[in-house]
Amino acid sequence: MLCLAVGPGVCGALAVILFAACASRGESAPAAPPLETAIARELTARFHVPVTARCAAFGSAVLACRAELDGVVLPIALAEGGWHVVGRFVDTTPIAAYVQGVLDDLGVAQHASCLPHVQQVAPGARVGCTLSGGGAAFVDVAGDGSLALELALDPAAAAVRAEPATEDRVRDLVQRSRGLDRGDTDDSQ
């Protein structure tokens, strides 16, 4: 309707101007907030894998943040002037290299894989790695970063060692062990 009132030449000129003005803005995605960018960059450098970070805000106040990498969600605690990851997360890349070095030293021709690359490790818990021959490696990571390694090269032994240690299971194992000490050969205990 406007084009009929002002004429086709004016209408065409307006269309070109509007198109140029809109196109000059670019179609790039909006920039991530500075805190999200800082968290993602620092954790990417720390864990050597791409990290995304998202923060929830109300107005200009950031309420909560979380990061994600390799499908693992890292909760982020916010404090005055900074942030930190909540919980204990370890990069398994150096752990896999350590396990591989031990396997090589022992002359065991298997490959160790400790995935995902980042794992949450509760106090007293261990990192589990798979071995290409069906076995497993269990690695305790101390607070100072030192490692203690248990290898289960046999797939059946690895499956048993991977089972959670429930009270009933521990009680059964203690009874069996005491039976072996006494020379009992009956497996019915």
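Our subject is the structure that appears above.
Residues numbered from 1 in each chain as written. Predicted model: local features only at pLDDT ≥ 70, side-chain atom pairs only at ≥ 80, totals over all residues. Heavy atoms only, no water.

K.L.:
How should I be thinking about the packing of aromatic side chains in this particular structure?
P.N.:
Remark: the centre distance and the inter-plane angle together describe each pair of aromatic rings, the angle taken between the planes. This model, assessed by the stated rule, comprises zero aromatic pairs. When the ring centre of Phe138 is taken as reference, the NZ or CZ atom of Arg126 above it lies at 4.1 Å. (Phe/Tyr/Trp six-rings, centres within 6.5 Å; stacked < 30°, edge-to-face > 60°. Lys NZ or Arg CZ within 6 Å of the ring centre and 35° of its normal.)

K.L.:
Mind showing me how you'd approach the sheet that holds strand E6 (residues 112-113) here?
P.N.:
Either a parallel or an antiparallel arrangement is found when strands of a sheet pair, and the pairing is made through backbone hydrogen bonds. Sheet architecture is open: four strands sit in the order E6-E8-E9-E10, paired in antiparallel fashion. Only two strands of the sheet have a single partner each, and these edge strands are E6 and strand E10 (147-152). Pairing of E6 with strand E8 (residues 126-131) involves two bridges; the strand directions are antiparallel. Residue Ala112 lies in a different strand from E8, and its bridge partner there is Leu131. Sheet strands touched by helix H4 (residues 93-106): E6, E8, strand E9 (136-141) and E10. Its angle to E10, the strand with the most contacts, is close to 55°. Its contacts with the sheet place helix H5 (residues 155-162) against E8, E9 and E10, and it is angled at close to 40° to E9. (Pairing = 2+ DSSP bridges. Helix = DSSP H or I, 4+ residues; strand = E, 2+ residues; numbered from the N terminus. Contact = heavy atoms within 4.5 Å. Axes fitted to C-alpha atoms, helices over the stretch in contact; angles between N-to-C directions.)

K.L.:
Would you explain the pattern of salt bridges in this entry?
P.N.:
Side chains carrying opposite charge are able to pair once their charged atoms draw close together. For the coordinates displayed, the defined rule picks out five salt bridges. The salt bridge involving Arg66 is made with Glu68; its shortest N-O contact spans 3.6 Å. By relative accessible area, which is 42% here, Arg66 ends up partly exposed. Look at Glu68 and you get partly exposed, because its relative accessible area is 32%. Residues Arg171 and Asp168 are paired through a salt bridge, measuring 2.4 Å at the closest nitrogen-oxygen approach. With a gap of three residues between them, Arg171 and Asp168 both fall in helix H6 (residues 167-182), about one helical turn apart. By relative accessible area, which is 45% here, Arg171 ends up partly exposed. (Salt bridge = Lys/Arg side-chain N within 4 Å of Asp/Glu carboxyl O. Buried < 20%, exposed > 50% of the residue type's maximum accessible area, 1.4 Å probe, protein only.)

K.L.:
Before we go on, may I ask you to explain the layout of surface pockets in this structure?
P.N.:
To find leftover empty space, a probe the size of one water molecule is rolled over the atoms. Estimated volume of the largest pocket: approximately 160 Å³. Elements supplying a minimum of two residues to the lining of the largest pocket: H5 and H6. The element that contributes the greatest number of residues to the lining of the largest pocket is H5, accounting for three residues. Grouping the amino acids of the lining of the largest pocket by side-chain chemistry returns five nonpolar, no polar and four charged. (1 Å grid on protein atoms, 1.4 Å probe; cavity = no way out; pocket = protein on both sides within 12 Å on 5 of 7 lines; lining within 4 Å. Points joined across faces, edges and corners; volume = space filled by probe spheres on them. Nonpolar A, V, L, I, M, F, W, Y, C, P; charged D, E, K, R; others polar.)

K.L.:
Could you clarify how one ought to interpret the sheet that holds strand E3 (residues 72-79) in this entry?
P.N.:
On the basis of which strands lie adjacent, the open sheet formed by four strands has the order E1-E2-E3-E4 and antiparallel pairing. Either end of the sheet is taken by a strand with one partner, and the two such strands are strand E1 (52-58) and strand E4 (82-85). The sheet shows a mean angle of 25° between the axes of neighbouring strands, taken without regard to direction. Sheet topology note: the E3/E4 ladder contains four bridges and is antiparallel. In the strand pairing of E4, Leu78 is matched with Trp83.

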